[in-house]
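If you want the building blocks of each chain, they are given just below.
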Amino acid sequence: MGPRSKNPRYLTLRRVAVAVLIALLAVMPVQAAGADGDIEALLNSGLAHRDKGNFAAAEADFRAVIDAEPEHHDARLLLALVIGYQERFDEALAILGPALEAEPGRSDLLLARARLNAWAGRPAAARADLDKALAGDPDDAAALELSAWLDRVGEEAAPSYVLSLTGSRSDFDRRSVDRWYETRMGLGYQVPGHWSVDGVLQRSRRYGSFDHLLELGGSMRAGEGGALSLRAETSPGADFLPRWGVSGGIELDAWDGMPALGLGPGIATLGARHREYADVGVDNLDPGWIQYLGDGSAWITARRIHAWSDDGGGTMTGWSLRGDLSFDPVAPVNVYALRAKSPETDLGVTVDTRTWAAGMVVGVSEKVDVRLDFTRDDRSGSYLRDEWSLGTAVRF
């Protein structure tokens with residue numbers, strides 16, 4: 001042994017170095033185990049938040065996992081789907097991309113990308129990934145379920161014509177007012193979820209005379225977050241109906257809701273209308289809100305109504321509140337009830353009117369609906385009117 005090895009100072013330094021090395025070797029597995037434990041905790045936390053519908057918190061947890069381990073493909077899959085639930089589809093696909101580049105044949109990653117494309121309205125891209133996933137496992141229950149869903153959506157999104165016919169009769173509490181009769185026939189062309197156009201011909205009998213009204217209109221989705229609609233009507237030489245009018249509306253997806261409290265998405269609406277009667281023009285501007293409840297089978301529509309005429313009568317205000325419920329006991333059924341206190345115009349005169357209404361639409365077959373409606377109008381100082389209407393719609 002050389003002289004240096006006998007140096008007490010050297011021996012002390014060597015013992016310290018060995019001790020430090022042993023300590024580092026002992027600590028490293030503990031630190032790794034701690035990191036693994038943190039990632040597992042974040043994943044569990046993210047899953048718990050996701051299951052409760054708290055997608056923002058779940059997103060934060062899954063992002064923390066990816067920040068720590070960018071190649072954690074399970075976390076990328078979970079994060080992509082959570083972002084997809086919030087309808088940020090392109091961002092979700094970008095998050096999923098690196099995982100699919102690394103494992104292009106992994107079926108759950110292919111299925112996740114198929115879901116995102118299906119939700120984004122890209123059925124061809126979704127079907128391509130779905131076919132790859134089923135080629136690897138033809139009995140994959142999740143893939144088969146998504147395939148069936150795509151088939152149904154494809155059928156529902158197929159363009160269709162809609163022929164509608166409605167007839168109504170109104171009775172009054174005053175014998176001096178004769179019954180009103182009205183018939184409406186409409187024809188529309190629809191691409192569900194995208195756009196529609198329609199025309200309506202109406203024949204009305206009131207006050208011992210007839211008026212005929214023609215309406216043309218259409219609506220379309222404006223990207224992923226809203227919809228637009230526009231209508232025009234004309235009744236040349238009308239006695240009691242508006243001689244012409246235009247209206248439009250906009251809907252904006254304004255709120256994702258709070259699933260934990262049973263609140264679904266909220267939609268802000270704004271409607272505007274101008275009608276020109278024989279002696280006066282009447283304008284409306286009506287903001288509103290549609291709030292979905294639970295799984296979306298029930299919703300409430302509230303509107304604030306503002307009306308004013310060009311005869312100097314000033315602005316009149318009102319409101320309406322409507323609740324809808326859709327269910328399927330034996331056949332698809334939608335029922336509604338409405339309560340309103342709003343300005344209504346008849347013969348060019350706008351008067352505060354209290355309205356109660358209820359109705360239902362029943363799908364008697366895949367292509368035929370039947371509807372029944374009842375409305376009671378209490379027109380202040382003029383009359384009490386009860387209207388019954390019956391209609392049908394046929395898709396072909």
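Thresholds, definitions, all that
Residues numbered from 1 in each chain as written. Predicted model: local features only at pLDDT ≥ 70, side-chain atom pairs only at ≥ 80, totals over all residues. Heavy atoms only, no water. Helix = DSSP H or I, 4+ residues; strand = E, 2+ residues; numbered from the N terminus. Buried < 20%, exposed > 50% of the residue type's maximum accessible area, 1.4 Å probe, protein only. Contact = heavy atoms within 4.5 Å. Areas by Shrake-Rupley, 256 points an atom, 1.4 Å probe, with all protein chains shown as cover. Salt bridge = Lys/Arg side-chain N within 4 Å of Asp/Glu carboxyl O. 1 Å grid on protein atoms, 1.4 Å probe; cavity = no way out; pocket = protein on both sides within 12 Å on 5 of 7 lines; lining within 4 Å. Points joined across faces, edges and corners; volume = space filled by probe spheres on them. Nonpolar A, V, L, I, M, F, W, Y, C, P; charged D, E, K, R; others polar. Pairing = 2+ DSSP bridges. Expected span 1.5 Å × (residues − 1). Polar contact = N/O pair within 3.5 Å; in protein donor to acceptor, adjacent residues only side chain to side chain. Core = buried A, V, L, I, M, F, W, Y, C linked by side-chain atoms within 4.5 Å. Phe/Tyr/Trp six-rings, centres within 6.5 Å; stacked < 30°, edge-to-face > 60°.

Novice: Mind showing me how you'd approach the overall build of the protein here?
Specialist: If you tally the helices and strands in the protein, you get 7 helices and 14 strands. Among the 396 residues that make up the protein, the fraction classed as buried is 34%. Sequence separation of 24 or more characterises 41% of the internal contacts of the protein that already satisfy a separation of 6 or more. Here the protein displays about 22600 Å² of accessible surface, and carbon together with sulfur accounts for 60% of that area.

Novice: Please clarify how the pattern of salt bridges should be interpreted in this entry.
Specialist: Pairing between side chains of opposite charge can happen when their charged atoms approach one another. Enumeration over the complete set of coordinates arrives at 25 salt bridges. Across the pair Arg169 and Asp171 runs a salt bridge whose closest N-O atoms are separated by 3.1 Å. Residue Arg206 pairs with Glu182 through a salt bridge whose shortest N-O separation is 3.5 Å. Of the two residues, Arg206 sits in strand β3 (residues 195-206) while Glu182 sits in strand β2 (residues 180-191), which places them 24 residues apart along the sequence. In this pair, the class of Arg206 matches that of Glu182, namely buried. Each member of the salt-bridge network shares a partner with another, and the members are Glu59, Arg63, Arg88 and Glu91.

Novice: Teacher, can you tell me more about the layout of surface pockets here?
Specialist: A probe as big as a water molecule, rolled over the atoms, marks out the empty space that is left. Size it by volume and the second largest pocket reaches roughly 200 Å³. Forming the walls of the second largest pocket are Ser326, Phe327, Pro332, Val333, Asn334, Val361, Gly363, Ser365, Glu366, Asp369 and Arg395. If you list the elements that add at least two residues to the lining of the second largest pocket, you get β10 (315-327), β11 (333-346) and β12 (349-363). Each residue belonging to the lining of the second largest pocket can be placed in one class, and the counts come to 4 nonpolar, 4 polar and 3 charged.

Novice: How should I be thinking about the pairing of strand β5 (residues 226-234) in this particular structure?
Specialist: Moving residue by residue along a regular strand, the side chains alternate between the two faces of the sheet. Pairing between strand β4 (residues 209-221) and β5: 8 bridges, direction antiparallel. Counted as the bridge partner of Gly217 is Arg231 from β5. As judged from the 9 bridges shared by β5 and strand β6 (residues 244-255), these two strands associate in the antiparallel manner. Across the sheet, Glu233 pairs through a bridge with Gly245, a residue of β6.

Novice: In this structure, what is going on with helix α5 (residues 107-119)? I would like to understand it.
Specialist: Helical periodicity: at 3.6 residues per turn, an α-helix aligns residues three or four positions apart in one direction. Taking 1.5 Å per residue, 13 residues should reach 18 Å; α5 reaches 18 Å between its end C-alpha atoms and fits that length. Residue Gly121 follows α5 closely and has a positive phi angle near 80 degrees.

Novice: Could you clarify how one ought to interpret the side chain of Gln202 in this entry?
Specialist: Inspection of the secondary structure puts Gln202 in strand β3. By relative accessible area, which is 5% here, Gln202 ends up buried. A polar contact is formed between the side chain of Gln202 and the side chain of Arg184, at a distance of 2.4 Å.

Novice: Looking at this structure, how should I read the nonpolar core?
Specialist: Inside soluble globular proteins, nonpolar side chains tend to come together where they are buried. In terms of nonpolar packing, the biggest core is built from 25 residues, with Leu43, Phe62 and Leu96 touching the most fellow members. In terms of residue count, the dominant contributor to this core is helix α3 (residues 73-85) (8 residues). The contacts of Leu43, once residues within four sequence positions are left out, are Phe62, Val65, His72, Ala75 and Leu78. If you look at the next biggest cluster of nonpolar residues, it comprises 9 residues, including Ala114, Ala118, Ala143 and Leu146.

Novice: Can you walk me through α3 in this structure?
Specialist: Given a rise of 1.5 Å per residue, 13 residues ought to cover 18 Å, and the 18 Å separating the end C-alpha atoms of α3 matches this to within 8%. Here α3 lies mainly inside the structure; 11 of its 13 residues are buried. Every buried residue of α3 is listed here: His73, Ala75, Arg76, Leu77, Leu78, Leu79, Ala80, Leu81, Val82, Ile83 and Gly84. Following α3 by one or two positions, Glu87 has its phi on the positive side, about 65 degrees.

Novice: How should I be thinking about the pairing of β11 in this particular structure?
Specialist: Taken together, the 9 bridges between β10 and β11 define a ladder with antiparallel strand orientation. For Ser326, the partnering residue across the bridge sits in β11 and is Asn334. Adjacent in sequence and paired antiparallel, β10 and β11 are bridged by 5 residues. Note that β11 and β12 share 14 bridges and pair antiparallel. By the bridge assignment, Val333 is partnered in β12 with Val362. Hairpin connection, β11 to β12: the antiparallel pair is bridged by 2 residues, and Leu347 has positive phi, about 55 degrees.

Novice: Quick question: what am I supposed to make of the packing of aromatic side chains here?
Specialist: Any aromatic ring pair is given by two values, namely how distant the centres are and how the planes are angled relative to each other. Counted according to the given criterion, the structure contains 12 aromatic pairs. Residues Tyr207 and Phe240 carry aromatic rings whose centres are separated by 6.2 Å and whose planes lie at 70 degrees to one another, so their mutual orientation is edge-to-face. Note that Tyr207 is positioned in the loop between β3 and β4 and Phe240 in the loop between β5 and β6, a separation of 33 residues in sequence. Here Tyr207 falls in the partly exposed class, since its relative accessible area comes to 38%.

Novice: Even after reading the chapter, I still don't get the side chain of Asn117, so can you show me in this structure?
Specialist: Tracing the sequence through the fold places Asn117 in helix α5. For Asn117, a relative accessible area of 7% translates into the label buried. Setting aside its immediate chain neighbours within four residues, Asn117 contacts Leu93, Arg122, Ala125, Ala126 and Asp129.

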